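Spelled out from the first residue to the last, the chains are:
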Amino acid sequence: MRTVRRSALIDRPIPEPSALPRRAPLPAHHPDPVLDVVVPVYNEENDLERCVRRLHAHLGETFPYAFRITIADNASTDATPRIAARLAAELPGTDWIRLAEKGRGRALHTAWSRSRAPVLAYLDVDLSTDLAALLPLVAPLISGHSDIAIGTRLARGSRVVRGPKREVISRCYNGLLRSTLAVGFSDAQCGFKAVRRDVAERLLPLVEDREWFFDTELLVIAERAGLRIHEVPVDWVDDPDSRVHILSTALADLRGMARLGRALAGGRLPLTALHRSGGLDGELPAGLARQAVRFAAVGAASTLCYLLLYTLLRPATGAQAANALALLASAIANTAANRRLTFGVRGRDGALRHQLKGLAAFVVGLTLTSGSLAVLHHTAPGAGHRVELAALIAANLAATLLRFLLFRAWVFPARRTTGPTAS
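Residues numbered from 1 in each chain as written. Predicted model: local features only at pLDDT ≥ 70, side-chain atom pairs only at ≥ 80, totals over all residues. Heavy atoms only, no water.

A. Quick peek at the overall build of the chain. Within the chain, the regular secondary structure consists of 12 helices and 10 strands. Evaluated residue by residue, the chain yields a buried proportion of 47% over its 423 residues. In the chain, of all internal contacts separated by at least 6 residues, the share reaching a separation of at least 24 is 80%. (Helix = DSSP H or I, 4+ residues; strand = E, 2+ residues; numbered from the N terminus. Buried < 20%, exposed > 50% of the residue type's maximum accessible area, 1.4 Å probe, protein only. Contact = heavy atoms within 4.5 Å.)

Below you can see the structure in the form of structure tokens.
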């Protein structure tokens, strides 16, 4: 029996990870285990042996590479450690570790950190997910196509059997993630995931949670860093004997979302260093549709602020001065918001340069809006306040389109990185 002490990574400053090399497929004749499947357990004396024997038989029959199964026992108080030790002795390629503290995230963090297999996975001991999805889960990682793979119960093609309560909770949780952290993956909670080891080595030091939010935090950081996440529809049957305490887990998840959101908003995570070097990963621009939607949302908020400031300033300064001052203030806020939310630029590096370029784009907007006011006052000297606002809104729409094109092509151009390819 081995005891693994709790990692002190949470208390350390976040390191600056090195850039990831270009993805490459694993060789067909890999000498060591290619896949390490971790089964995190806590007081699972009834299900552990059935799960591990079934998993071992399935991998032996279907997986074309050498594999390892790691039972990660996090502070069980029943017969789980004794069963785990016996299985490790009886089944080739089976190992086990014992942690002194509870926490599924802690078990995964520890097991993945010590493994040397190039592909790391985990699944829940209840085997709610059909094992037929295991090879499709890890194949994109072995081939070099993706960085992370997750099973999803919410995609078309998935077949799920569970009660309405858990269905509603799951959909609400993932909907909340999409609305608050703008994630693109569909199912953060399915206990069926895999990651390439080179990715895990860089992501794990950044993940603070050691319990149920561990999966979500890892996925959000990976997606924000531009890593490729592959989703596999799964067949999933709910385990009626689940040990998860819904209320306490939900509250912990909400706290985790708030903490992670603050870290992302504050630029405290070194996301740019996680980008892949070389190949298409460094050449593909960020998604135009998503950027346009976020730019429009920021633009709508900026326009409201601009109109409010213009209305407040006009009586004291006149139309042209109020327009210039309101546009300047909203332009600075607009550039800062788009820098972080639309184009994913974090930290202080280049912030002044981006603001100066944003002010150049502001000049375009100022020219259009001031010109529209000048034309309006020349052609209709008696135009009222509502007519002025209508003219300014029309001019701002045109300025917004030009500003988006300038921001995308000049202020925040898509990063093109080059570097050595993986051998």
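After that view, the rundown keeps rolling.
B. Fine view of the nonpolar core. Formed by 43 residues in total, the largest nonpolar core has its most connected members in Trp112, Ile148, Leu203 and Ile221. Those elements that provide at least two residues to this core are β4 (94-99), α3 (104-114), β5 (119-123), β6 (148-152), α5 (164-181), α6 (197-203), α7 (214-224) and α8 (246-265). Looking at this core element by element, the count peaks at six residues for α7. If near-sequence neighbours (up to four positions away) are discounted, Ile221 is found in contact with Leu203, Leu206, Val207, Leu260, Leu269, Leu271 and Leu274. (Core = buried A, V, L, I, M, F, W, Y, C linked by side-chain atoms within 4.5 Å.)

C. The environment of Leu87, seen in detail. Summarising the element assignment, Leu87 is placed in helix α2 (residues 80-90). On the basis of relative accessibility, which here comes to 0%, the residue Leu87 falls in the buried class. C-alpha separation for the pair Leu87 and Ile71, spaced 16 residues apart in sequence, amounts to 9.2 Å. Setting aside anything within four residues of it in sequence, one finds Leu87 in contact with Leu48, Glu49, Val52, Arg53, Ile71 and Thr94.

D. Expanded view of unusual backbone geometry. Unusually for a residue other than glycine, Ala75 sits at a positive phi of about 70°. Of note, Ala75 is situated in the loop between β3 (67-74) and α2. In this structure Ala75 comes out as buried when scored by relative accessible area, which is 15%. A positive phi angle, near 55°, is found at Ala182, a position not held by glycine. When its relative accessible area of 26% is taken as the criterion, Ala182 is described as partly exposed.

E. Structural view of the packing of aromatic side chains. For the structure shown, the criterion picks out six aromatic pairs. Here the aromatic residues Trp112, Tyr122 and Phe214 are joined through ring pairs into a cluster of three or more. Over the face of the ring belonging to Tyr42 we find Lys102, whose NZ or CZ atom lies 4.3 Å from the ring centre. Directly above the aromatic system of Trp236 lies the positively charged group of Arg153, at a separation of 4.7 Å from the ring centroid. (Phe/Tyr/Trp six-rings, centres within 6.5 Å; stacked < 30°, edge-to-face > 60°. Lys NZ or Arg CZ within 6 Å of the ring centre and 35° of its normal.)

F. Region of the structure containing the packing of α7 against α8. At their nearest, the axes of α7 and α8 sit 11 Å apart, and the two run at 20° to each other. By the angle between their directions, the pair α7 and α8 is classed as roughly parallel. Taken as a pair, α7 and α8 cross one another with a handedness that is right-handed. Contacts between α7 and α8 involve Glu217, Val220, Ile221 and Arg224 from the former and Arg259, Leu260 and Leu264 from the latter. (Axes fitted to C-alpha atoms, helices over the stretch in contact; angles between N-to-C directions. Parallel < 35°, antiparallel > 145°, perpendicular 65-115°, else oblique. Left-handed = near helix turned anticlockwise from the far one by under 90°.)

G. Expanded view of the pattern of salt bridges. Taken as a whole, this structure holds 22 salt bridges when the rule is applied. The partner of Asp36 in a salt bridge is Arg68, and the shortest N-O contact between them spans 4.0 Å. Here Asp36 is found in strand β2 (residues 35-41), whereas its partner Arg68 is found in strand β3, with 32 residues between them in sequence. You can call Asp36 buried: its relative accessible area is 2%. By relative accessible area, which is 26% here, Arg68 ends up partly exposed. One salt bridge connects Asp95 with Arg114, and the closest N-O pair in it is separated by 3.6 Å. Of this pair, Asp95 sits in strand β4 while Arg114 is found in helix α3, placing the two residues 19 residues apart along the sequence. (Salt bridge = Lys/Arg side-chain N within 4 Å of Asp/Glu carboxyl O.)

H. Quick look at empty space enclosed by the protein. Applying the stated criterion across every chain, the model contains three cavities of 30 Å³ or more. The computed volume of the largest cavity comes to approximately 110 Å³. Along its surface, the largest cavity is lined by Gly299, Ser302, Thr303, Tyr306, Leu327, Ser330, Ala331, Asn334, Phe362, Asn396, Thr400 and Arg403. Residue assignment for the lining of the largest cavity shows that the elements contributing at least two residues are α9 (288-317), α10 (319-342) and α12 (385-411). Across the lining of the largest cavity, the residue classes break down as four nonpolar, seven polar and one charged. Taken as a whole, the second largest cavity encloses approximately 60 Å³ of empty space. Of the residues contributing to the lining of the second largest cavity, the split by class is eight nonpolar, no polar and two charged. (1 Å grid on protein atoms, 1.4 Å probe; cavity = no way out; pocket = protein on both sides within 12 Å on 5 of 7 lines; lining within 4 Å. Points joined across faces, edges and corners; volume = space filled by probe spheres on them. Nonpolar A, V, L, I, M, F, W, Y, C, P; charged D, E, K, R; others polar.)

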